[in-house]
Amino acid sequence: MSTLERTLGLIKPDAVRAGKSREIMQLAELSGFQLLAKKTLQLSQERAEEFYAEHQGKPFFPGLVGFMTSGPLYAMVLGREDAVKSWRGLMGPTNSLTAREQQPTCLRALYGTNGTQNATHGSDSSASANREIAFFFPELQPDALEGPEATATYLQE
Ligand code: UDP
């Protein structure tokens, strides 16, 4: 029996600005993901710093925060078997320039620009996914996310 796993996907401000949000969501669905919840929002500097706290102090951190606060983004709860690994596979390598060389059909190759502006985010583990889903969707109760009612519960949102 397959188990539905959830991950947090972001469509970052570069891809939203380029008008690619719908296309990315369609590709996600064609790749077997259920779009369990989605919202558009703009991150404040404080929230962006919190989201990327693990990278604080790295040379790219200020540029990353500047980019992530530069416009609206889409946050999505994506459901699929093996969702964390599958979504990261669909996104491809972190740097969009590398992605174009190594995996030309991945999301970051198709929609990103460089090492910072790379179109999408995906949680890197199931634990990160839970934390990141709660970060963007605090109104969704974890208990409501398990079992056959999960999709219905999400879609009411
Ligand atoms: N990033 C960057 N320069 C780097 C590495 C990462 O600007 O050298 C940005 C990029 O937008 C990336 C984000 O920081 O998506 C988080 O980095 P991470 O290493 O966690 O990569 P990811 O999990 O997003 O592939």
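Residue indices follow the written sequence of each chain, beginning from 1 at its first position. For a predicted model such as this one, the threshold for reporting local features is a pLDDT of at least 70, and the threshold for listing and counting side-chain atom pairs is 80 or more; totals across whole chains, interfaces and linings nevertheless cover every residue.

By the naming in an unreviewed UniProt entry, the protein chain goes by Nucleoside diphosphate kinase-like domain-containing protein and is assigned to Apatococcus fuscideae. UniProt positions are given in the numbering used here, feature names are shortened, and annotations may be inferred rather than shown by experiment. Taken directly from UniProt, the Sequence similarities (unreviewed entry) text for the protein chain runs: "Belongs to the NDK family."

Turning next to the UniProt feature "binding site: ATP" (unreviewed entry) in the protein chain. Taking the numbering used here, the UniProt-annotated feature "binding site: ATP" (unreviewed entry) corresponds to Lys12, Phe60, Arg88, Thr94, Arg108 and Asn118. A run of DSSP states H or I qualifies as a helix once it reaches four residues; a run of E qualifies as a strand once it reaches two. Both are numbered from the N-terminal end. In this structure, phenylalanine 60 sits in the loop between α3 (45-51) and α4 (61-68). Following the sequence through the fold, arginine 88 ends up in helix α5 (residues 83-91). By the convention adopted here, residues make contact when the C-beta atoms placed from their backbones lie within 7 Å. Sequence-distant contacts of arginine 88, that is, excluding residues within four places in its chain, are made with Gly122 and Asp124.

Glancing now at the site of the ligand. Around the ligand, the neighbouring residues are Phe60, Leu64, Thr94, Gly115, Thr116, Asn118, His121 and Asp124. Amino acids outside the nonpolar list (Ala, Val, Leu, Ile, Met, Phe, Trp, Tyr, Cys, Pro) and the charged list (Asp, Glu, Lys, Arg) are all regarded as polar, and Gly is one of them. Among the residues making up the shell around the ligand, the classes are represented as two nonpolar, five polar and one charged. Using a C-beta atom placed from the backbone, a residue is scored as near a molecule or strand whenever that atom is within 6 Å of it.

Take helix α8 (residues 126-136) next. The burial criterion counts other C-beta atoms lying within 10 Å of a residue's C-beta, which is placed from the backbone; the residue is buried at 20 or more, exposed at 12 or fewer, and partly exposed between these limits. Along α8, the residues classified as buried are Ala129, Glu132, Ile133 and Phe136. Viewed end-on, α8 has its buried residues packed into an arc of 105 degrees, placing them on one side of the element. For α8, the elements touching its buried residues are β1 (4-11), β3 (73-81) and α5. The directions considered for the arc are those from the helix axis to the C-beta atoms.

Moving on to the sheet that holds strand β4 (residues 120-122). Backbone-to-backbone hydrogen bonds join strands into a sheet, with any given pair of strands oriented parallel or antiparallel. Pairing in this open sheet of four strands is antiparallel, and the strands run β2-β3-β1-β4 from one edge to the other. Each edge of the sheet is formed by a strand with only one pairing partner; in this case those strands are β2 (34-41) and β4. Neighbour to neighbour, the strand axes of the sheet diverge by 20 degrees on average, direction disregarded. Strands are labelled as partners when DSSP assigns at least two bridges between them. Across three bridges, the pairing between β1 and β4 is antiparallel. Its bridge partner being in β4, glycine 9 is matched across the sheet by glycine 122. Working convention: axes come from line fits to C-alpha atoms, limited for helices to the stretch in contact. Angles between N-to-C directions cover 0 to 180 degrees. Sheet contacts for α5: β1, β3 and β4; angle to β1, the most-contacted strand, approximately 35 degrees.

Moving on, we get to unusual backbone geometry. Phi is positive for aspartate 82, close to 60 degrees, though the residue is something other than glycine. Looking at the secondary structure, you find aspartate 82 in the loop between β3 and α5. Residue class for aspartate 82 comes out partly exposed when judged on the 14 C-beta atoms lying within 10 Å of it. A positive phi angle, close to 75 degrees, is found at alanine 119, a residue other than glycine. For alanine 119, the position within the fold is in the loop between α7 (107-111) and β4.

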